[in-house]
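# Chain and residue survey
Residues per chain, in single letters:
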Amino acid sequence: MNRTGTIFSALRFSNSLLSSRIPVTRQLLTQVTHFSPLSQHSHTSYCFDTHQKLYFSSKPSTLVQLLLVNDWSTELETQLENSNPILTHETVIYVLRNLGKDPHQAWHFFNWVSKRDDFKPSSPLYSLLLRILANNYSWKYFGITLRKMKEQGFYIGEDTYFTILLILKKEYMHCDAIAFKHFFNRMLEVNAMDSVVKSVVTVILGTEWDNEVEKQLGDMGILLTDNFVIRVLKRLRDYPAKALQFFYWICKDEAYECNAVTYNEMVRFLARNDSVGEFWSVVEEMKNAGHEMDMDTYIKISRQFQKNKLIEDAVKLYEFMMDGPFKPSVQDCCWLLRSISACDAPDLSLVKRVVSKCEVTGSSLSKAVYDGIHRCLTSAGNFDEAEHIRKNMKNAGYEPDNITYNQQVFGLCKAKKLEEAYRFFNEMEAHGCVPDIKTWTVLIQGHCAAKQIDMALRCFAKMRKKNVKADAGLLDILINALLGEKRIDDAYTLLVEMVRKARLRPWSATYGLLTKKLLGARKIEQAFSLLRLMKQSNLTNEFLVEPFVECLSKFGTVEDAAYFLKVWSGKERPSTFAYLHLFRSFFEEGRHSEAKDLLYKCPRHIVEHPNISELFDSAKNGDAAS
């Protein structure tokens, strides 16, 4: 992305931003692309493909539709006012997520909403807006929003902070990243009473929760605000039981009312393996108190459940949200189906529950959902039902494609029905689908898993004849399979051929594993050959030194060791690290004379280096450094 200067050079993201003056910033994008409803792909949109209906729940639907099809104007503001929407925290989160690709509209909507007497902004809402602006490089609005947050006493959530910091670093905006870090830390101190938060957390973690803890907290004279409560809960994220006790304590305070913002924060920290029971209890309490789980919270918790293999809870949560006003998107449905299919033994009853809820909304099943169902069935080895789904998919207007065939081949390979998988694979082209690298990878990996390495290699050769280019992932599968069968020479030959003839760039991990196996078999010349290939590809890392040092210190000659250091250093000035590590290993193996002979072959700056001198002096005294 071209820049004539640092985007925030005027803004600086420094403490000066904490003043009331708005510094001038240069907007990165000169034009904001405006999307129509049928081109939105936010997390809460049902526009997954052209065959799919647009679906939103009743009240939020009206608001979202109005914002998606109109540019911001005075007339639009009048329409919004006349629609008299009920603007809760959860509703605004839902709308903003649907405007995720349109920062201009999201920013104007948020500012319009913030001015209303019946709505109170929050730190989570501001954080969501900042993510939308940063993801779309809308830096002008980003800077203004930061200033408003500070002025109104809000702060940036930690997840948002790290997300934005990563964006700045990826865009090589290093000075801005440093300044943003300072701004974030300063904002916490000023707006979130960081020192008081730390004191409260210290009291809570100091002992078991009892009346004495509540008395200490009460004596601190804390002014409870949403910001303060959220900060304390975040500090207690690794102690869900303590967080819940603090939450119930503040809910008893007559001067503070637990609301949708604090309830949503609380359930986020309970959504883990050791507190999932408490999670569902608080979700029920939240519902009874008249609050909804917002879409931002749902997405984070759902992904957390799926990551932690709490698939049944993820499905239950999906059902819970589908019964409420803020329904997950088709994309969320597809993610859930993918997680179910990734289980060793997919539970098809969970698939049925997910699809049933998706259908109840009135949405027609999209190609993506059909693929999700098909993936689960093939992964579970239920091929008859998978065939039935393919027919239904075709009747719905979706022709089977590479995704469909890839899933079928994967399922057959997983079920060890390799001959059937190969026949199905060969039928693909007859149906107008040319096997791609994913299809070939699935087939070859299936044969490797079944220890049919030669068949896997024949498939690989056939793939190359059809001019399908291999990638590093497929090569890694083959190398690992060959090494698993102790076919070290074949693995070496394959990798070298793919690098030299196919111009393939293997992963560092692939090089590292093969190098370690070669050195373990004392095949030093082949290992040196790999080292040269790695150097040519600039793939050498410090962790690759270890297997060479271990082998050379035990079995290598002085010439071998000198050659390794020469190849490792290349044209660069030799690094002390490899030399020092190698000398230490020689001493540990009792090869003192070889270490001295090697030292004579080293560059002068290595011989005279203080650490090297100290090592040899200690060796003279019979106390070689470890």
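This section reports on the structure supplied with the text. What you are looking at is a predicted structure, and each value in this text was computed from that prediction instead of being measured. (Residues numbered from 1 in each chain as written. Predicted model: local features only at pLDDT ≥ 70, side-chain atom pairs only at ≥ 80, totals over all residues. Heavy atoms only, no water.)

Next up on the list: the state of the cysteines. Scanning all chains against the criterion turns up one disulfide. Note that cysteine 251 is cross-linked by a disulfide to cysteine 258, the S-S spacing being 2.3 Å. Measuring the twist about the S-S bond at about -110°, one finds the cysteine 251-cysteine 258 disulfide to be left-handed. With a relative accessible area of 9%, cysteine 258 lands in the buried category. In this structure cysteine 376 is not part of a disulfide, and its nearest cysteine sulfur, from cysteine 343, lies 8.5 Å away. Cysteine 448 forms no disulfide, and the closest cysteine sulfur to it belongs to cysteine 459, at a distance of 9.2 Å. (Disulfide = S-S within 2.5 Å. Buried < 20%, exposed > 50% of the residue type's maximum accessible area, 1.4 Å probe, protein only.)

Within the largest apolar cluster, 126 residues are counted, with the highest numbers of intra-cluster contacts made by Phe109, Ile156, Phe246, Phe279, Met293 and Leu337. Ignoring sequence-local partners within four residues, the contact set of phenylalanine 279 consists of Val267, Leu270, Ala271, Met293, Ile301, Phe305 and Leu317. Counting 80 residues, the second largest nonpolar core, distinct from the first, contains Leu412, Ile479, Val499 and Val558. (Core = buried A, V, L, I, M, F, W, Y, C linked by side-chain atoms within 4.5 Å. Contact = heavy atoms within 4.5 Å.)

In this structure the tally under the stated criterion is 25 aromatic pairs. Their ring planes at 20° and their centres at 5.0 Å tell us that phenylalanine 548 and phenylalanine 564 sit as a pair that is stacked. Highlighted residues: phenylalanine 548 in helix α29 (residues 545–555) and phenylalanine 564 in helix α30 (residues 558–569), separated in sequence by 16 residues. Each member of the pair, phenylalanine 548 as well as phenylalanine 564, carries the same accessibility label: buried. Centroid distance phenylalanine 583 to phenylalanine 616: 5.1 Å. Interplanar angle 75°. Geometry classified as edge-to-face. Linking phenylalanine 583 in helix α31 (residues 576–588) with phenylalanine 616 in helix α34 (residues 610–620), this pair joins segments that are 33 residues apart in sequence. Across this residue pair, the class does not change: phenylalanine 583 and phenylalanine 616 are buried. Through successive ring pairs, a cluster of aromatic residues spans Tyr137, Trp139, Phe142, Tyr161, Phe162, Phe180 and Phe184. Above the plane of the ring of tryptophan 280 lies lysine 316, whose end atom (NZ or CZ) is 4.3 Å from the centre. Sitting over the ring of phenylalanine 555, arginine 522 keeps its end group 3.7 Å from the ring centre. (Phe/Tyr/Trp six-rings, centres within 6.5 Å; stacked < 30°, edge-to-face > 60°. Helix = DSSP H or I, 4+ residues; strand = E, 2+ residues; numbered from the N terminus. Lys NZ or Arg CZ within 6 Å of the ring centre and 35° of its normal.)

These results come straight from atomic positions and should not be treated as a statement about function.
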